[in-house]
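Residue strings, one per chain:
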Amino acid sequence: MARPEKVAVVEEIKEKLESAEAVFVTEYRGLTVGQQQELRRSLKKAEAEYKVFKMSLARRAAEESGLQDLLVWLDGPTAIAFSEGDPVPTAKSLKDFADSNENLVVKGGLLAGAILDAEAVRKLADIEPRDVLLAKLAGAMSAPMSKLAGLMNAILRQPATAMQQLLEKKEQDSPVPGPEAAAEEPAAEEPAAEEPA
């Protein structure tokens with residue numbers, strides 16, 4: 001490969017290392033081309049890109065990016081998964097594929113500047129996706145708000161209920177005469193008609 005092409009590949013790797021939300025390093029020795037394509041498809045659904053680079057160029061890009069901790073994994077038949085979005089689905093895709101294909105070995109990764117060993121990547125894969133966690137958080141926050149709204153409604157209803165009960169009590173204590181009461185009252189005596197003299 002001509003020198004300018006090598007420089008371009010190093011720059012591409014550096015850009016991906018610096019812009020990715022997370023980076024996962026894997027060994028793919030023994031995977032068939034079909035299995036690699038299947039892995040790439042599952043990672044694409046997780047918003048990740050799976051690339052195989054010449055390791056000498058990947059090592060140079062990691063050194064130039066200040067990511068010396070990745071160097072220990074950048075040897076042999078190694079491929080890198082670059083996660084552009086939520087890293088959990090990417091880690092889950094890698095873990096699930098490695099569980100069903102023993103030839104894929106997850107070596108480790110990088111998440112928000114922190115180095116993850118293989119066990120940490122597996123733990124990351126077990127976390128629920130971001131949208132599920134946000135939904136649970138929203139549900140947890142809405143429960144106290146619903147209770148508060150119910151309490152406020154009860155407080156506002158209490159004076160109205162108390163006023164209603166007071167009015168009902170007042171009506172019971174001093175009943176207004178109804179039509180039956182008027183029928184029971186004796187009629188006023190009419191003046192007697194005068195007899196003719």
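Preceding this paragraph is the structure being described.
On a predicted model such as this, the values are computed, not experimentally measured, just so you know.

So, on to helix α1 (residues 3-19). The end-to-end C-alpha distance of α1, which contains 17 residues, comes to 24 Å, matching closely the 24 Å that a straight helix rising 1.5 Å per residue would cover. What α1 keeps buried is the set Val 9, Val 10, Ile 13, Lys 14, Lys 16 and Leu 17. An end-on view of α1 places all buried positions within 165° of arc, on one side of the element. Turned more than 90 degrees off the buried face of α1, the exposed positions are Pro 4, Glu 15 and Glu 18.

Here the focus is helix α4 (residues 87-100). An ideal rise of 1.5 Å per residue puts 20 Å on 14 residues; α4 measures up with 20 Å between its terminal C-alpha atoms. For α4, every residue scored as buried is listed here: Pro 87, Val 88, Thr 90, Ala 91, Ser 93, Leu 94, Lys 95, Phe 97 and Ala 98. Among the structural elements, β1 (22-27), α2 (33-45), β2 (48-52), β3 (78-83), β4 (105-111) and α5 (118-125) are those in contact with the buried residues of α4. The residue sitting at the N-terminus of α4 and contributing the capping side-chain oxygen is Asp 86; that oxygen lies 3.2 Å from the backbone nitrogen of Val 88.

Here the focus is the pairing of β1. In summary, the side chains of a regular strand alternate between the two faces of the sheet. Counting buried residues in β1 gives 5 out of 6 residues, a clear majority hidden from the surface. Bridge count for β1 against β3 is 6 bridges, and the pairing is antiparallel. Along β3, the bridge assignment pairs Val 23 with Phe 82. Relative to β4, β1 runs antiparallel, the two sharing 6 bridges. Pairing of Phe 24 across the sheet is with Gly 109, part of β4.

Take the packing of α2 against α4 next. Orientation of α2 relative to α4, taken along the N-to-C sense of each, is 155°, at an axis distance of 9 Å. Between α2 and α4, the interaxial angle falls into the category roughly antiparallel. Every pair of crossing elements has a handedness; the one defined by α2 and α4 is right-handed. Between α2, through Gln 35, Glu 38, Leu 39, Ser 42 and Leu 43, and α4, the contact on the second element is made entirely by Thr 90, Ser 93, Leu 94 and Phe 97. Among the residues making up the contact of α2 with α4, the classes are represented as 4 nonpolar, 4 polar and 1 charged.

Calculation notes
Residues numbered from 1 in each chain as written. Predicted model: local features only at pLDDT ≥ 70, side-chain atom pairs only at ≥ 80, totals over all residues. Heavy atoms only, no water. Helix = DSSP H or I, 4+ residues; strand = E, 2+ residues; numbered from the N terminus. Expected span 1.5 Å × (residues − 1). Buried < 20%, exposed > 50% of the residue type's maximum accessible area, 1.4 Å probe, protein only. Arc of directions from axis to C-beta. Contact = heavy atoms within 4.5 Å. Polar contact = N/O pair within 3.5 Å; in protein donor to acceptor, adjacent residues only side chain to side chain. Pairing = 2+ DSSP bridges. Axes fitted to C-alpha atoms, helices over the stretch in contact; angles between N-to-C directions. Parallel < 35°, antiparallel > 145°, perpendicular 65-115°, else oblique. Left-handed = near helix turned anticlockwise from the far one by under 90°. Nonpolar A, V, L, I, M, F, W, Y, C, P; charged D, E, K, R; others polar.

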